[in-house]
Amino acid sequence: MTKTNLARTLREPAELVAEHLAPATALPALERVAARYAVAITPALVELIDTSDPDDPIARQFVPTDAELEVQPGENADPIGDHPHSPVPGIVHRYPDRVLFKLVHVCAVYCRFCFRREMVGPGKDSALSDDAYRAAINYVRSQSEIWEVILTGGDPMMLSPRRMSEIMTDLAAIDHVKVIRLHTRVPVADPARVSSEMVAALKVEGATTWVAVHANHARELTGQARAACARLVDAGIPLVSQSVLLRGVNDTIAALSDLMRAFVECRIKPYYLHHGDLAPGTAHLRTTLAEGQELMRQLRGRISGLCQPDYVIDIPGGAGKSPVGPNYVLAAQNTAPDARDVASETRYRIVDYCGEVHLYPPGA
């Protein structure tokens, strides 16, 4: 079994200073941040950081800053409203046909924009107790409308292959569960952890496995990360992407295009581009919705349809995701010389990727 590199993960502010990821003058502020929010940067990601670039997009995602101590109005410890939709510990049942199953509260790396940052990391419950796990499985079994179970956390790939296999088997044994999806950063943060044993654990009779890989910058998809993703795809496990639109990381058309193309090159279908959630201390990393919509409009005209994600926002309070990309269909307009002749001359106005407007008959 391939040994991972987690023993050398940087977890303390003093270690970040020693590795020149932060200046010594920032140490007192970083210690205050680390006392509230978990810090961990794996060797695979440390190697990607350009310490000569104060605006390095990899560092911006993982190296804490004192901006995280500034909580803005509207920010919330549970910004997407998991708690009101949690019928038993570990389960979030927001949509009729699927549930989130939060198995662990630890990650290989802790993102500075994490929407569950108040709930994950050392000092939090590391995993569900046996009783809580059994209650969660029983809940899924009792709800026949549940077609998909999404393993999340924390990062479910922090589990051992043996434990992962047990969980996959338990879920696949439930007749109405047909899809098991994992949300993970491990292929990027610690590629060696995607071992042959882990890949085998994810393959289970009775349900189809999907994996959603989280990355936010093309540089994260290194040769080792691509090899880890290839081990999954070659085993017949389809991959989709998850990314967060982040100021200073991927909020340019060049960076976003490179990221989406890199996903497709790795046989990962771009899936979600999340608008930044209202998690405490993350305002410095959020864009505006208008900026995100403009980027999506440019992306549509610039790169292949294979590379197009859905731009979505999680509505605060628990109402779920909504697509918030640009609208290309404008209100119908009567173009007849005689405005009373509505039936024959009303046309939709369709906007192309260059911004030009074209008329289209509503009955066509």
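Residues numbered from 1 in each chain as written. Predicted model: local features only at pLDDT ≥ 70, side-chain atom pairs only at ≥ 80, totals over all residues. Heavy atoms only, no water.

Peer 1: Which parts of the structure should I look at to understand the environment of Leu-69?
Peer 2: Tracing the backbone through its elements, the reader meets Leu-69 in the loop between α4 (57-62) and β1 (91-95). A relative accessible area of 33% places Leu-69 in the partly exposed class. The spacing of Leu-69 and Gly-281 is 212 residues in sequence and 5.6 Å in space, taken between C-alpha atoms. Residues contacting Leu-69, with those up to four places away along its chain left out, are Ala-29, Arg-32 and Val-33. (Helix = DSSP H or I, 4+ residues; strand = E, 2+ residues; numbered from the N terminus. Buried < 20%, exposed > 50% of the residue type's maximum accessible area, 1.4 Å probe, protein only. Contact = heavy atoms within 4.5 Å.)

Peer 1: Is there a simple way to think about the state of the cysteines in this case?
Peer 2: In a disulfide, the sulfur atoms of two cysteines are held together by a covalent bond. Evaluated as defined, the whole model comprises 0 disulfides. Considering cysteine sulfurs only, Cys-107 is the nearest to Cys-114, which forms no disulfide, with 6.3 Å between them. Looking at Cys-114, the relative accessible area reads 21%, which means it is partly exposed. Free cysteine Cys-307: the closest other cysteine sulfur is in Cys-266, separated by 11 Å. Residue classification places Cys-307 among the buried residues on the basis of a relative accessible area of 5%. (Disulfide = S-S within 2.5 Å.)

Peer 1: I would appreciate a short explanation of the pairing of strand β5 (residues 208-214) in the present structure.
Peer 2: One face of the sheet, then the other: side chains in a regular strand alternate in exactly this way. Within β5, 5 of the 7 residues are buried, leaving the element largely enclosed by the surrounding structure. As paired strands, strand β4 (residues 179-184) and β5 are joined by 6 bridges and run parallel to one another. Bridge pairing in β5 links Arg-181 to Trp-210. Strand direction decides the pairing type here: β5 and strand β6 (residues 239-244), joined by 4 bridges, are parallel. Of the residues in β6, the one forming a bridge with Val-213 is Ser-241. Crossover handedness for the path β5 to helix α9 (residues 223-234) to β6: right-handed. (Pairing = 2+ DSSP bridges. Right-handed = clockwise from strand over helix to strand, strands pointing away.)

Peer 1: What am I meant to see in a negative patch on the surface here?
Peer 2: A cluster of acidic residues, Glu-12, Glu-15, Glu-19 and Glu-31, forms a negative patch on the protein surface. Checked against the element boundaries, Glu-15 lands in helix α1 (residues 13-18). (Patch = residues over 30% accessible without salt bridge, like charges linked within 9 Å, V, L, I, M, F, W, Y side chains within 5 Å. Areas by Shrake-Rupley, 256 points an atom, 1.4 Å probe, with all protein chains shown as cover. Salt bridge = Lys/Arg side-chain N within 4 Å of Asp/Glu carboxyl O. Lys, Arg positive; Asp, Glu negative; His and termini not counted. Charge placed at Lys NZ, Arg CZ, Asp CG, Glu CD.)

Peer 1: Whenever I open this one, the packing of helix α10 (residues 253-265) against helix α11 (residues 289-302) confuses me. Can you help?
Peer 2: If you want to describe how two helices pack, look at the angle between their axes and the distance between the axes. For the pair α10 and α11, interaxial distance at closest approach is 10 Å and the crossing angle is 55°. When the interaxial angle is binned, α10 and α11 end up oblique. In this structure, α10 meets α11 at a crossing whose hand is right-handed. Here Ile-253, Ala-254, Leu-256, Ser-257, Met-260 and Arg-261 of α10 come into contact with α11, specifically with Leu-295, Gln-298, Leu-299 and Arg-302. (Axes fitted to C-alpha atoms, helices over the stretch in contact; angles between N-to-C directions. Parallel < 35°, antiparallel > 145°, perpendicular 65-115°, else oblique. Left-handed = near helix turned anticlockwise from the far one by under 90°.)

Peer 1: What is the right way to look at the sheet that holds strand β7 (residues 268-274) in this model?
Peer 2: Adjacent strands of a sheet pair through backbone hydrogen bonds, lying either parallel or antiparallel. With mixed pairing, 9 strands are arranged side by side in an open sheet as β1-β2-β3-β4-β5-β6-β7-β8-β9. Where the open sheet ends on each side, the last strands, each with one partner, are β1 and β9 (320-323). If you compare each strand with its neighbour and ignore which way they point, the axes differ by 30° on average. Lying over the sheet, helix α6 (residues 161-172) contacts β2 (98-102), β3 (148-152), β4 and β5, oriented at roughly 160° with respect to β3. This element, α9, spans β5, β6 and β7 of the sheet and lies at about 140° to β6.

Peer 1: Can you walk me through the packing of helix α5 (residues 130-142) against α6 in this structure?
Peer 2: Interaxial distance between α5 and α6 falls to 10 Å at its minimum, and their mutual angle equals 30°. As the angle between them shows, α5 and α6 are arranged roughly parallel. The residues of α6 that touch α5, namely those facing Tyr-133, Arg-134 and Ile-137, are Arg-163, Glu-166, Ile-167, Asp-170 and Leu-171.

Peer 1: I'm lost on the pairing of strand β12 (residues 357-360) in this one. Help?
Peer 2: With 4 bridges connecting them, strand β11 (residues 346-351) and β12 associate as antiparallel partners. Across the sheet, Tyr-348 pairs through a bridge with Tyr-360, a residue of β12. Turn length for the β11-β12 hairpin, with the two strands adjacent in sequence and antiparallel, is 5 residues, and the turn residue Gly-355 shows positive phi of about 90°.

Peer 1: Can you walk me through unusual backbone geometry in this structure?
Peer 2: Apart from glycine, the bulk of residues carry a negative phi angle, and the bulk of peptide bonds sit in the trans form. The linkage connecting Gly-153 with the following residue, Gly-154, adopts the cis geometry, with an omega of 15°. Mapped onto the secondary structure, Gly-154 falls in the loop between β3 and α6. A positive phi is found at His-20, a non-glycine position, where the angle reads about 65°. Assessed through its relative accessible area of 61%, His-20 is described here as exposed. One non-glycine residue, Arg-267, lies in positive phi territory at about 65°. Position of Arg-267 relative to the elements: it lies in the loop between α10 and β7.

Peer 1: So what exactly am I meant to see when it comes to the packing of aromatic side chains here?
Peer 2: Each aromatic ring pair is characterised by the separation of its centres together with the angle its planes make. Inspection of the entire model under this criterion finds 2 aromatic pairs. Taken together, a centroid distance of 5.8 Å and an interplanar angle of 15° make the contact between Phe-101 and Tyr-133 stacked. Of this pair, Phe-101 sits in strand β2 while Tyr-133 sits in helix α5; the two residues are 32 residues apart in sequence, bridging distant segments of the chain. In this structure, Phe-101 and Tyr-133 share a single accessibility class: buried. For the ring pair Tyr-271 and Tyr-272, a centre distance of 4.0 Å and an interplane angle of 20° mean the geometry is stacked. Residue classification places Tyr-271 among the partly exposed positions, given a relative accessible area of 25%. Residue classification places Tyr-272 among the buried positions, given a relative accessible area of 15%. Across from the ring centre of Tyr-95, 4.0 Å away, lies the NZ or CZ of Arg-98, which sits over that ring. Over the ring of Tyr-37 we find Arg-117, and its NZ or CZ is 3.6 Å from the ring centre. (Phe/Tyr/Trp six-rings, centres within 6.5 Å; stacked < 30°, edge-to-face > 60°. Lys NZ or Arg CZ within 6 Å of the ring centre and 35° of its normal.)

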